[in-house]
Amino acid sequence: MKTIITGSLGHISKPLTETLVQKGHAVTVISSKPEKQADIEALGATAAIGSVEDADFLTATFTGADAVYTMLPPHDFFDPKLDLMAYYHRVGNNYAQAIRRSGVKRVVHLSSVGAHLDKGTGLILGHHDVERILDELSGVAITHMRPTAFYYNLLSFVPAVKNTGVIASNYGAEDRVPWVSPIDIAAAVAEELETPPVDRKVRYVASEELTGNEVAGILGTAIGKPDLKWIVVTNEQMQSALEGFGMPKQIAAGLVEMNACMHTGKLFGDYNLNRPQVMGKIKLSDFAKEFAAAFNQN
């Protein structure tokens, strides 16, 4: 199977590429960075250097492929010029145009938990919109992967734990949150790419469900602070803190709204009705080693 992977050698795309190559598939990895070519080829894949914001490049790269894995590349949330929703829509429309023009019939797209909602989700709303853009394609089998909260996003709390001795956000404490490792996401994407396709499918991916306090206990133990607590602050306090770190007001508001939707549990409404039959293999205790390494860096 000839498969195109977007996302360069990121948290998900690298283990996905490794898995598919090991299984004998012909893999092409798209990266915007020419310096990644050698690393991509070292994995046994072909490098396609270009931008997902170039629809003609995507069309040429997708042509002849049996399947494509699409994702929305991360952006710098501290960029004052960033219009995140416009960026998501631009990339989503480029993917749809390239899929249509190239004739690709199988797509596995990385979306997000909460993408079933059309409002009140903050930054997640962009994933909802891109799902709708791709769903307008006809004659294409599409799986929307909806992973839950990423373990590695917990690394953003390292400075606060160092400076204040607590984890603080406008969600957490006794909120039960499903968490996921990118390694488990990559494994699930690989499974979908090798599974007989259906017209439209949604698949949730999670590794473990934990409350904020359980997360704090596991991470605290890993860094020698077993009494580490996770406290919930108000939306206003969270907004003020993010802006104080230099985050643009609009992006901060999107993160606050997303967190608030987790706090109420609404973000996980459809997930709770369609939980994965099997949870991923990577647990928070595994990730805690990475958290501790980041915490102990000078």
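The structure under discussion appears in the preceding block.
Residues numbered from 1 in each chain as written. Predicted model: local features only at pLDDT ≥ 70, side-chain atom pairs only at ≥ 80, totals over all residues. Heavy atoms only, no water.

Caption draft 1: Inspection of the side chain of T148 at higher detail. Within the element layout of this structure, T148 appears in the loop between strand 6 (141-147) and strand 7 (149-150). Residue class for T148 comes out buried when judged on its relative accessible area of 3%. When neighbours within four sequence positions are excluded, T148 is seen to be in contact with V113, P178, W179, V180, V205, A206 and Y271. (Helix = DSSP H or I, 4+ residues; strand = E, 2+ residues; numbered from the N terminus. Buried < 20%, exposed > 50% of the residue type's maximum accessible area, 1.4 Å probe, protein only. Contact = heavy atoms within 4.5 Å.)

Caption draft 2: Geometry of the pattern of salt bridges. Under the counting rule described, the total for this entry stands at 15 salt bridges. The shortest N-O distance in the salt bridge between R200 and D135 comes to 3.0 Å. In this pair, R200 is assigned in strand 10 (residues 200-205) and D135 in helix 5 (residues 125-135), connecting sequence segments 65 residues apart. Residue class for R200 comes out partly exposed when judged on its relative accessible area of 28%. Under the relative-accessibility criterion, D135 is labelled partly exposed at 25%. Where R146 meets D270, a salt bridge forms, and the shortest distance between an N and an O atom there is 3.4 Å. In this pair, R146 sits in strand 6 while D270 sits in helix 11 (residues 269-273), placing the two residues 124 residues apart along the sequence. (Salt bridge = Lys/Arg side-chain N within 4 Å of Asp/Glu carboxyl O.)

Caption draft 3: Seen up close, the packing of aromatic side chains. Under the definition given, this model contains six aromatic pairs. With a centroid separation of 5.8 Å and 15° between ring planes, the pair formed by Y151 and F287 is classed as stacked. Separated by 136 residues along the polypeptide, Y151 in the loop between strand 7 and helix 6 (158-164) and F287 in helix 12 (residues 284-295) bring together distant segments of the chain. Centroid distance Y204 to Y271: 5.7 Å. Interplanar angle 80°. Geometry classified as edge-to-face. Taken together, the positions of Y204 in strand 10 and Y271 in helix 11 put the pair 67 residues apart, joining distant regions of the chain. In this structure, Y204 and Y271 share a single accessibility class: buried. Through a chain of ring-to-ring contacts, the aromatic side chains of F157, Y171 and W230 assemble into a single cluster. The positively charged end of K162 is found above the aromatic ring belonging to F295, 5.7 Å away from the centroid. (Phe/Tyr/Trp six-rings, centres within 6.5 Å; stacked < 30°, edge-to-face > 60°. Lys NZ or Arg CZ within 6 Å of the ring centre and 35° of its normal.)

Caption draft 4: Layout of helix 5. Taken residue by residue, helix 5 has G126, H127, H128, V130, E131, I133 and L134 as its buried positions. Of the surrounding elements, those touching the buried residues of helix 5 are strand 4 (67-70), helix 4 (84-102), strand 5 (106-110), strand 6 and strand 10.

Caption draft 5: Examining the sheet that holds strand 9 (residues 176-180) more closely. Taken together, three strands build an open sheet; the order of strands is 7-9-11 and the sheet is mixed. The open sheet is flanked by strand 7 and strand 11 (208-211), the only strands paired with a single partner. The sheet contact formed by strand 7 and strand 9 spans two bridges and is parallel. The partner of F150 across the bridge, within strand 9, is V180. Strands in contact with helix 8 (residues 212-222) are strand 9 and strand 11; relative to strand 11, the strand with the most contacts, it is inclined by about 100°. (Pairing = 2+ DSSP bridges. Axes fitted to C-alpha atoms, helices over the stretch in contact; angles between N-to-C directions.)

Just distances and angles here, no functional claims.
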